[in-house]
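Structural overview
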Amino acid sequence: MTIDGVAASGKSSVASRVARELGYPFVSSGLLYRGVARLALRDGADPDDERALLDLLARCPLTLRPHAEGNEVWCGAQDLTPELHTEEVDAAVSRVALHPGLRGWVNDQLRALPQPFVAEGRDMGTAVFPQAGAKFYLTASPRVRAQRRVRERAQDVQTVEQALQERDRRDAQQSRPAQDALLIDTSALSLDEVVGRILQTVRS
């Protein structure tokens, strides 16, 4: 199963809950991109320089460890997970994800994972797992997404909304619903309602 969507649309929370209900692991593709962005920031590499990013991965390969309750990203013996949701990583991750070679590397890591699982990201249902039997795409208004994000971090709503709109622009080519995906606008829906709609669709 794939659950794609725009930034801060609730993908991770929804996918994690759906995975637990179904008894499957939950796979967050975005954490691998965040891991690369974190490495770049740590080592002073340019997020726009694909060769530099691939060299970083050669020196410190990242491993995604999926669990139903959440995912971890490790670089050797170091758990990077606590460092992946910062404003600096937010600003760099969409630049990192533009590189075709890096995207190919991430997709190879995901396809190598044992199935079944619930995969969450931006192009899981289009580029990575087009054969998935159930596909969903989550969206919400920029203001609603900004309000959700500031509940997790001490930031200004307007600033976050502007950043999300810029991220939407950068991600436009990558993040789009598969033709056979069910589109769900989560703006006026609770987490329980979104999860319930997906589970009802899958089970029917």
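What comes next is a walk through the structure.

Calculation rules
- Residues numbered from 1 in each chain as written.
- Predicted model: local features only at pLDDT ≥ 70, side-chain atom pairs only at ≥ 80, totals over all residues.
- Heavy atoms only, no water.
- Helix = DSSP H or I, 4+ residues; strand = E, 2+ residues; numbered from the N terminus.
- Rg over C-alpha atoms; globule rule 2.2 N^0.38 Å.
- Buried < 20%, exposed > 50% of the residue type's maximum accessible area, 1.4 Å probe, protein only.
- Polar contact = N/O pair within 3.5 Å; in protein donor to acceptor, adjacent residues only side chain to side chain.
- Phe/Tyr/Trp six-rings, centres within 6.5 Å; stacked < 30°, edge-to-face > 60°.
- Lys NZ or Arg CZ within 6 Å of the ring centre and 35° of its normal.
- Contact = heavy atoms within 4.5 Å.

Helix and strand counts for the protein chain stand at 9 helices and 8 strands. Its C-alpha atoms give the protein chain a radius of gyration of 16 Å, within 12% of the compact-globule value 17 Å for 204 residues. Across its three principal directions, the C-alpha atoms of the protein chain cover 45 × 40 × 30 Å. Within the span of the protein chain, comprising 204 residues, buried residues form 49% of the whole.

Between Gln115 and Pro116 the backbone carries a cis peptide bond, its omega angle lying at 5°. The residue Pro116 is located in the loop between α5 (100-111) and β6 (118-121) in this model.

We now examine the environment of Glu166. Along the chain, the position of Glu166 falls in helix α8 (residues 157-171). In this structure the C-alpha to C-alpha distance between Glu166 and Pro142, which are 24 residues apart in sequence, comes to 10 Å. Of note is the side chain of Glu166, whose polar atom sits 2.5 Å from the side chain of Arg169.

Within this structure, the stated rule accounts for 1 aromatic pair. Considering the side-chain rings of Phe117 and Phe129, the 5.5 Å spacing of their centres and the 70° angle between planes classify their relative orientation as edge-to-face. Of this pair, Phe117 sits in the loop between α5 and β6 while Phe129 sits in the loop between α6 (124-128) and β7 (135-139), and the two are 12 residues apart along the sequence. One exposure class covers both Phe117 and Phe129, and it is buried. Above the plane of the ring of Trp74 lies Arg65, whose end atom (NZ or CZ) is 4.1 Å from the centre.

The next point concerns the side chain of Ser29. With respect to the helices and strands, Ser29 occurs in helix α2 (residues 29-43). Taking relative accessible area as the criterion, Ser29 reaches 3% and is therefore assigned buried. When sequence neighbours within four positions are dropped, the list of residues in contact with Ser29 reads Val106, Leu110, Glu120, Gly121 and Met124.

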